[in-house]
Structure formats: structure tokens, C-alpha cells
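Below, each chain spelled out in residue letters.
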Amino acid sequence: MAAASAATRANIRAQGFCGLDDETYAQINYPLRLSPAICMIWAAVGTALASPSVLWALAPFAALGAIFPSHPFDVVYNHGLRHLLGTPALPPYGFRCRMACAMATVMLVVAAWAFQAGLPLVGQVVGWSLVAAAFVNVSTGFCVPSFIVRLFAGEVRCA
């Protein structure tokens, strides 16, 4: 397995995943993007359809990602795909990833409420903003919410 690039290590560490060896960073780089990808697609469908029901249905999953040490969609990887790929389980979420899930939860609730309340422009802006942030993470590994947390809480210091 190839070693993780400096950018990959930096992006994963910025999300609060420290203390991993280079090979592990390389192996979890793409699997860490699975949950954001599922959320991105689900939120895009809900926003495109202006469907509060679709967005309300996603919000509990985002909230569980903020509460528990891993996102519910990580189960797909941790208990299935990783065994097929021969790669390690995803490490537990720390503060940064949980805050990203909390921010997504708030955005989903606001977008769903806006569509339900007859404020489609608000729903579209918030919904597509969430999709855009998730797209950045899925396509590059850079987590926008973790960056926002860094502005307030400082950089992650990995030993």
C-alpha cells in the first residue's frame, strides 16, 4: 500500500484523527468519505425535490453521527466493505467530526423546515450549501466544518 500524501494526512488530521501510521491514513482516506457521500446524495435529492420529508428522514442520521463515536453510515464500511477490501476499521469520531455532523444536522433541519414552511429559497440555499460542503469533502478530503471548528478552537495538535 502506498503511503499517504502530506495533503491526505493533513486533511484527515484536521478532522481530529491523530496517532495513525502513514499506511492507515492512506487506507482510510476514501472510506472516511463514504458517509459524507451518502449524506450528500440524500441531501441533494431532498433539496432538488424541495422535499421536507426526505430531508427530515436524513436529519436523525446526521444527529446520530454527532452523538455517537461513529456515523451510522460507517457501519456499511466497518462491518462490510472493509472486510472485502482488507482494510482497517474507521477510527472513532472525535470532536471535529462530531461537530461536522452537528452542523449538518442543523442545516438539514433548517432546510426541511424552510421547505415545509413555504420558504423554498431558504431551503434551496441551505440545502445546496450543505451539498456543496459535502461535495468538497467527498471530492478532496477537505472537511469544511472541521475548518470552521478550527477557526474557533484552533488547529488539531497531533503528537
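Residues numbered from 1 in each chain as written. Predicted model: local features only at pLDDT ≥ 70, side-chain atom pairs only at ≥ 80, totals over all residues. Heavy atoms only, no water.

What about the nonpolar core?
What tends to happen in soluble globular proteins is that the nonpolar side chains get buried as a cluster.
Here comes step 1: Ranked by internal contacts, the top residues of the largest apolar core, which has 18 residues, are Ala-43, Leu-55, Leu-58, Leu-108, Leu-130 and Val-131.
Here comes step 2: Among the elements that make up this core, the one with the highest residue count is helix α6 (residues 95–116) (five residues).
Here comes step 3: Core analysis: the second largest hydrophobic core is formed by twelve residues, Ala-4, Tyr-25, Leu-90 and Tyr-93 among them. (Core = buried A, V, L, I, M, F, W, Y, C linked by side-chain atoms within 4.5 Å. Buried < 20%, exposed > 50% of the residue type's maximum accessible area, 1.4 Å probe, protein only. Helix = DSSP H or I, 4+ residues; strand = E, 2+ residues; numbered from the N terminus.)

Regarding the environment of Phe-17
Here comes step 1: By the secondary structure assignment, Phe-17 is in the loop between α1 (6–14) and α2 (22–28).
Here comes step 2: Measuring from C-alpha to C-alpha, the distance between Phe-17 and Ser-129 comes to 25 Å, with 112 residues separating the pair along the chain.
Here comes step 3: When residues no more than four places from it in sequence are discounted, the contact partners of Phe-17 are Ile-12, Tyr-25, Leu-32, Pro-91, Pro-92, Tyr-93, Cys-97 and Cys-158. (Contact = heavy atoms within 4.5 Å.)

With respect to the packing of helix α3 (residues 34–48) against helix α4 (residues 52–67)
Here comes step 1: Taken N-terminus to C-terminus, the directions of α3 and α4 make an angle of 155°; their axes are 8 Å apart at the nearest point. Compared by their axis directions, α3 and α4 come out roughly antiparallel. In the packing of α3 onto α4, the handedness of the crossing is left-handed. In this structure, α3 uses Cys-39, Trp-42, Ala-43, Gly-46 and Thr-47 to contact α4, whose residues at the interface are Val-54, Leu-55, Ala-57, Leu-58 and Phe-61.
Here comes step 2: Here the contact of α3 with α4 is composed, by residue class, of eight nonpolar, two polar and no charged. (Axes fitted to C-alpha atoms, helices over the stretch in contact; angles between N-to-C directions. Parallel < 35°, antiparallel > 145°, perpendicular 65-115°, else oblique. Left-handed = near helix turned anticlockwise from the far one by under 90°. Nonpolar A, V, L, I, M, F, W, Y, C, P; charged D, E, K, R; others polar.)

Considerations on the side chain of Arg-96
Here comes step 1: Along the chain, the position of Arg-96 falls in helix α6.
Here comes step 2: Comment: no salt bridge for buried Arg-96; closest opposite-charge side chain is Glu-155, at 8.1 Å.
Here comes step 3: Among all residues touching Arg-96, those that are not within four sequence positions of it are Ala-14, Gln-15, Gly-16, Ser-146, Val-149, Arg-150, Ala-153, Gly-154, Glu-155 and Val-156. (Lys, Arg positive; Asp, Glu negative; His and termini not counted. Salt bridge = Lys/Arg side-chain N within 4 Å of Asp/Glu carboxyl O.)

Topic: unusual backbone geometry
Here comes step 1: Phi at Ala-50 takes a positive value of approximately 50°, unusual for a residue other than glycine.
Here comes step 2: Along the chain, Ala-50 turns up in the loop between α3 and α4.
Here comes step 3: Relative accessible area serves as the criterion here: at 33%, Ala-50 is assigned to the partly exposed category.

Function-wise, these values are silent; they only describe arrangement.
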